[in-house]
Amino acid sequence: MASSSSCSTCTLQRGAFVPKEIKNRNRALMFNDKSFAVSADLAQSRLSVANQKLMKWNQTQKSPLMNPIQCRALEIENVPSFTVGKKFQLDDVIEAQQFDRDLLNAIFKVAREMEKIEKNSPGSQILKGYLMATLFYEPSTRTRLSFESAMKRLGGEVLTTENAREFSSAAKGETLEDTIRTVEGYADIIVMRHFESGAARRAATTAGIPIINAGDGPGQHPTQALLDVYTIEREIGKLDGIKVGLVGDLANGRTVRSLAYLLAKYQDVKIYFVSPDVVKMKDDIKEYLTSEGVEWEESADLMDVASKCDIVYQTRIQRERFGERNDLYEEARGKYIVDRDVLQVMQKHAVVMHPLPRLDEIAVDVDADPRAAYFRQAKNGLYIRMALLKLLLVGW
Amino acid sequence: MASSSSCSTCTLQRGAFVPKEIKNRNRALMFNDKSFAVSADLAQSRLSVANQKLMKWNQTQKSPLMNPIQCRALEIENVPSFTVGKKFQLDDVIEAQQFDRDLLNAIFKVAREMEKIEKNSPGSQILKGYLMATLFYEPSTRTRLSFESAMKRLGGEVLTTENAREFSSAAKGETLEDTIRTVEGYADIIVMRHFESGAARRAATTAGIPIINAGDGPGQHPTQALLDVYTIEREIGKLDGIKVGLVGDLANGRTVRSLAYLLAKYQDVKIYFVSPDVVKMKDDIKEYLTSEGVEWEESADLMDVASKCDIVYQTRIQRERFGERNDLYEEARGKYIVDRDVLQVMQKHAVVMHPLPRLDEIAVDVDADPRAAYFRQAKNGLYIRMALLKLLLVGW
Amino acid sequence: MASSSSCSTCTLQRGAFVPKEIKNRNRALMFNDKSFAVSADLAQSRLSVANQKLMKWNQTQKSPLMNPIQCRALEIENVPSFTVGKKFQLDDVIEAQQFDRDLLNAIFKVAREMEKIEKNSPGSQILKGYLMATLFYEPSTRTRLSFESAMKRLGGEVLTTENAREFSSAAKGETLEDTIRTVEGYADIIVMRHFESGAARRAATTAGIPIINAGDGPGQHPTQALLDVYTIEREIGKLDGIKVGLVGDLANGRTVRSLAYLLAKYQDVKIYFVSPDVVKMKDDIKEYLTSEGVEWEESADLMDVASKCDIVYQTRIQRERFGERNDLYEEARGKYIVDRDVLQVMQKHAVVMHPLPRLDEIAVDVDADPRAAYFRQAKNGLYIRMALLKLLLVGW
């Protein structure tokens, strides 16, 4: 059967003409005959999972045939020219390290398209028929709502659980792998939050459907890292040659660590670390930056740094890290506040970012300044997550 | 560009021809360029929020252009003749006091239309593409389900959170205002339940999108008040000249207090208060009724009141108000029960109402009498909430 | 009015021509006029509820008229030839006992159709416009997600609550019956999980809309029983003449008890019970099997049983049943493990089943064998629930 290229024809075909190889794949993914079970034999090895993910890839390549709405959406939005299945293959989102500069640019391009999607436009239906499960082993309402909004803004549907621990309660003792194999029967993609570092990678190794890591313990929170870099590009207009001040708790914040890591992929970036002594940036990141040729320095002078930087990235001092030493916490907490005095010395084009929630490390009267970018940054999280869901489910 | 009035033309235009001023507004609401951020400067003042809400209002006026499904729905349902943007502007639903008689009538007219919407009719899609966030700082399953059903019955989608306290946990300390500014990036309307009186108003002052108060502490629960008045009109056929017996806990029930307040807007209403001594109606409401020329009296004789009234509005005696004094509770609780004896003396056209849940203050064998209106009353909550969601999101 | 049989005509009629008796019924179901309230008088008796359910039945019969999408779906899928309203009437799903062999076959036939529904095909929209409430008095994420996925895969919408106990909290004391009468105002079907045996039946007696029991305490979990039998048929190709080994905790597991009960409906079934002494199958089931002419025997030799059976149905030893006697638990737990040695003696066509979650009663390296059917079994739960939702909401 010749695959039709005209969209109106697509519409007529809705669900009627699906190439055989896709039908077969679907059958296999349904887990419902032994031919799949045989291939599941191999599924224990990473190789086989890679094969399954490749099958998913083939699916994304052909999916416009299966979904006329999406087909029309692509026509309108102008399909990006990346070659499918070559460089920008995206099976799971597990850690910031998996993204190189080209992949980041490609994702950001899709995120920009997401910003332009209007209510009830064809673009708002590109994930119609898809089901996302939010499997949260610890609650994180902010992150969950952002993902669920992203899915629904694209016409997809959501299965929510914020008490996923129940699946693997001590009493019952189910493994994460068993849970994933059950849930992948109910959904097309899993967004997972877990309390253990490495859990997302384990899930991705098991699953035949895409996994997005929405934070695994002290480990990774890659979508936060992506939205941070995306926000810098949106606000400043470039990523090469920028000066970034990272302020606050640099020892414990996975946000600033991931951001420093990703910034190293760009040219002529200069990073300033401004933090109380007890929560300084750790040596591993400093060494990594040096090895990548990124200039960095530590400073105790927030005003000086703020006057030089394109980005002042403020973070919250996390009380829970100080245990009994409330005195140290109080001292650290009050040390570097972004207020109107800091704004005064900042350049006109520069912006203040913050991963939120904030306490008082940014004064409330900063909010009204156009350079306060943190609520726009939160909103960018929506577009980045829309882009990732689109890419993982239907491809570029 | 001339706005087209024919619906088929609308359909062709889907997402294509949006007047420029709306596009600009949309861009601004996206929080994603500094032109908005500048206007956010002003947003700290109520004046500016009012401006934003006015922008929303303009949006509703033009939205049929943007949503052809809704356009068709309006054609079929006959657009009500209220002049847009004049008297019946509705930006948020915060408290019973904001509604005057004309606005109530207008809302009730829309609620009646909501009752008639059939499954999969065009009317069932008028909120397609809209996203409602239920931001509940304390769980209230009954109220939440009613709002979520209302949204979904109109084709809209829902983001749910019943643990919104996490957003502003003591440990993290985010303000309500910051939470609202984050969530308004994910949704088109926020339905909020909070434990603090006044929280809904604070949220509405901050938000650029509509806020509906689904109860804020001992303060307000305006949609309950609206559904109560709507039920009286539906059951009795009028609001002027009615006689209403308010029975039970009149001191603590915000329901009866709001109802008394709203009834004062109608002509020749007579109110009877029937309650155990420990939970009598407070003086502020009595004085208000007197000042508005509403006749009222207290009575200890439920049978007598029931025989005279159009409405017997029973409420639950709330045990939690009695603390250690279980003896007082038990005495108060058993004093005024609506049972078949009460039904016996009630007029044929009169009805029994109750905000639910009930304990034993209405005997179960009353349920089977046609005059038991309380489950119909609960169902009316659905229609009132459908009407409010429609009005706040797409206008009259 | 003649009911039109052509689908395109259906589409034009969307919501326009609904036979009067359906309109009247809808009005009644809306709870919003006293004519319904009068009939509610009778609703206290089972007879009247039966009448209401019959009304629902009439509705399903005519619903294609009301929903053109579904109409098209039926055309494509070939309507099964069961005579409506005769033998296969299904109003609620309360217990395994309500299903006879013909009804099971009919349901399985629909489940097979469900397996074939493709994303964004007409079949994926047959429950569009319908709303399911998951009323869970105790959390069961696995079961809930399966039902919610089923509903959404058919285009329906979901209202979720996992804290339904709040409705009937000790403090407030609302009865289950009152809760059901409220929730049925918001949804078209209720999926209920409760901690008390018999709760689902009470709900079904009260409700005018269908109830599905998703587990009520130690009582019933009928959809699990259905998916087990469905899996056997899908895996083995038949139900008559099969040999089934039930292994593990046979005393406490409601799963194996229900399964034994349903297997008795088929010809020439042989059942082997393999369990530690402390958790043997109870006499009531043994006596029932005998009375139904089903051959059964107890065995302590798992290898021997495994070599003879078509199905090895393993279950988890539930620690919570052993109280303080951890020694007994540990002994029972380790006694019968399904591992590669067991696979070795099993026939080529035989399969291993398990209701999940598992602990270590099936070794992880069994998963890779094509005969490990337990994840396919979990997936079958989706199809069975899709079939039940379809049958209860729109009929055969």
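- The name given to chain A in an unreviewed UniProt entry is aspartate carbamoyltransferase, and the organism recorded there is Acer saccharum.
- Taken directly from UniProt, the Subunit (unreviewed entry) text for chain A runs: "Homotrimer."
- Under Sequence similarities (unreviewed entry), UniProt gives the following word-for-word description of chain A: "Belongs to the aspartate/ornithine carbamoyltransferase superfamily. ATCase family."

What about the overall build of chain A?
Okay, so step 1: Of the regular secondary structure elements, chain A holds 16 helices and nine strands.
Okay, so step 2: Burial analysis of chain A (396 residues in total) assigns 62% to the buried set.
Okay, so step 3: Residue pairs at least 24 apart in sequence account for 73% of intrachain contacts in chain A once pairs closer than 6 positions are excluded.
Okay, so step 4: Surface exposure of chain A reaches about 14,500 Å², of which carbon and sulfur atoms provide 49%.

Points about the environment of valine 158 of chain A
Okay, so step 1: As for its position among the elements, valine 158 of chain A is in strand E2 (residues 157–161).
Okay, so step 2: With a relative accessible area of 4%, valine 158 of chain A lands in the buried category.
Okay, so step 3: The sequence separation of valine 158 of chain A and isoleucine 189 of chain A amounts to 31 residues, and the corresponding C-alpha distance is 9.7 Å.
Okay, so step 4: Ignoring anything within four residues of it in the chain, the contact list for valine 158 of chain A reads Leu131, Met132, Thr134, Glu148, Met151 and Lys152 of chain A together with Lys152 of chain C.

Some thoughts on the packing of aromatic side chains
Residues and elements named next belong to chain A.
Okay, so step 1: Per the counting criterion, the structure on display carries 18 aromatic pairs over all chains.
Okay, so step 2: Aromatic side chains tyrosine 137 and phenylalanine 195 sit 6.3 Å apart centroid to centroid with 65 degrees between the ring planes, which places their arrangement in the edge-to-face category. With tyrosine 137 in the loop between strand E1 (131–136) and helix H7 (141–153) and phenylalanine 195 in the loop between strand E3 (189–194) and helix H9 (199–206), the pair connects residues that are 58 residues apart, well separated along the chain.
Okay, so step 3: Under the relative-accessibility criterion, tyrosine 137 is labelled buried at 4%.

Some points on the pattern of salt bridges
Residues and elements named next belong to chain A.
Okay, so step 1: Tallied over the entire structure, the rule returns 79 salt bridges over all chains.
Okay, so step 2: The partner of arginine 144 in a salt bridge is glutamate 162, with the nearest N and O atoms 2.8 Å apart. Linking arginine 144 in helix H7 with glutamate 162 in the loop between E2 and helix H8 (176–183), this pair joins segments that are 18 residues apart in sequence. For the pair arginine 144 and glutamate 162, one class covers both residues: buried.

A few points about the pairing of strand E7 (residues 295–298) of chain B
Residue and element names in this part refer to chain B.
Okay, so step 1: The pairing of strand E6 (residues 270–274) with E7 spans four bridges and is classified as parallel. Residue lysine 270 lies in a different strand from E7, and its bridge partner there is glutamate 295.
Okay, so step 2: Between the parallel elements E6 and E7, the chain passes through helix H12 (residues 283–291) in a crossover that is right-handed.

A closer look at the side chain of threonine 315 of chain C
Residue and element names in this part refer to chain C.
Okay, so step 1: As for its position among the elements, threonine 315 is in the loop between strand E8 (311–314) and helix H14 (326–335).
Okay, so step 2: One polar contact links the side chain of threonine 315 to the main-chain carbonyl oxygen of valine 247, over a distance of 2.8 Å.
Okay, so step 3: Residues within four places of threonine 315 in sequence aside, it is in contact with Val247, Gly248, Asp249, Val256, His354, Pro355 and Glu361.

Quick look at helix H7 (residues 141–153) of chain C
Okay, so step 1: Taking 1.5 Å of rise per residue, 13 residues should cover 18 Å, and H7 of chain C covers 18 Å from first to last C-alpha, within 8% of that figure.
Okay, so step 2: Burial analysis of H7 of chain C places 13 of its 13 residues in the buried class, which makes it a mostly covered element.

Here we look at the sheet that holds strand E4 (residues 211–216) of chain A
Okay, so step 1: Overall, parallel pairing links the four strands, which are arranged E2-E1-E3-E4 (chain A) in an open sheet. Each end of this open sheet is capped by a strand with a single partner; those strands are E2 and E4 of chain A. Strand-to-strand twist of the sheet, defined as the mean angle between neighbouring strand axes without regard to direction, takes the value 15 degrees.
Okay, so step 2: Alignment of E1 of chain A against E3 of chain A, held across five bridges, turns out to be parallel. Counted as the bridge partner of phenylalanine 136 of chain A is arginine 193 of chain A from E3 of chain A.
Okay, so step 3: Of the strands in this sheet, E1, E2, E3 and E4 of chain A touch H7 of chain A, which is tilted by about 175 degrees from E1 of chain A.
Okay, so step 4: Its contacts with the sheet put H7 of chain C on E1 and E2 of chain A, and the angle it makes with E2 of chain A is roughly 170 degrees.

Thresholds, definitions, all that
- Residues numbered from 1 in each chain as written.
- Chains lettered and ligands numbered in written order.
- Predicted model: local features only at pLDDT ≥ 70, side-chain atom pairs only at ≥ 80, totals over all residues.
- Heavy atoms only, no water.
- UniProt positions renumbered as here; feature names shortened; annotations may be inferred.
- Helix = DSSP H or I, 4+ residues; strand = E, 2+ residues; numbered from the N terminus.
- Buried < 20%, exposed > 50% of the residue type's maximum accessible area, 1.4 Å probe, protein only.
- Contact = heavy atoms within 4.5 Å.
- Areas by Shrake-Rupley, 256 points an atom, 1.4 Å probe, with all protein chains shown as cover.
- Phe/Tyr/Trp six-rings, centres within 6.5 Å; stacked < 30°, edge-to-face > 60°.
- Salt bridge = Lys/Arg side-chain N within 4 Å of Asp/Glu carboxyl O.
- Pairing = 2+ DSSP bridges.
- Right-handed = clockwise from strand over helix to strand, strands pointing away.
- Polar contact = N/O pair within 3.5 Å; in protein donor to acceptor, adjacent residues only side chain to side chain.
- Expected span 1.5 Å × (residues − 1).
- Axes fitted to C-alpha atoms, helices over the stretch in contact; angles between N-to-C directions.

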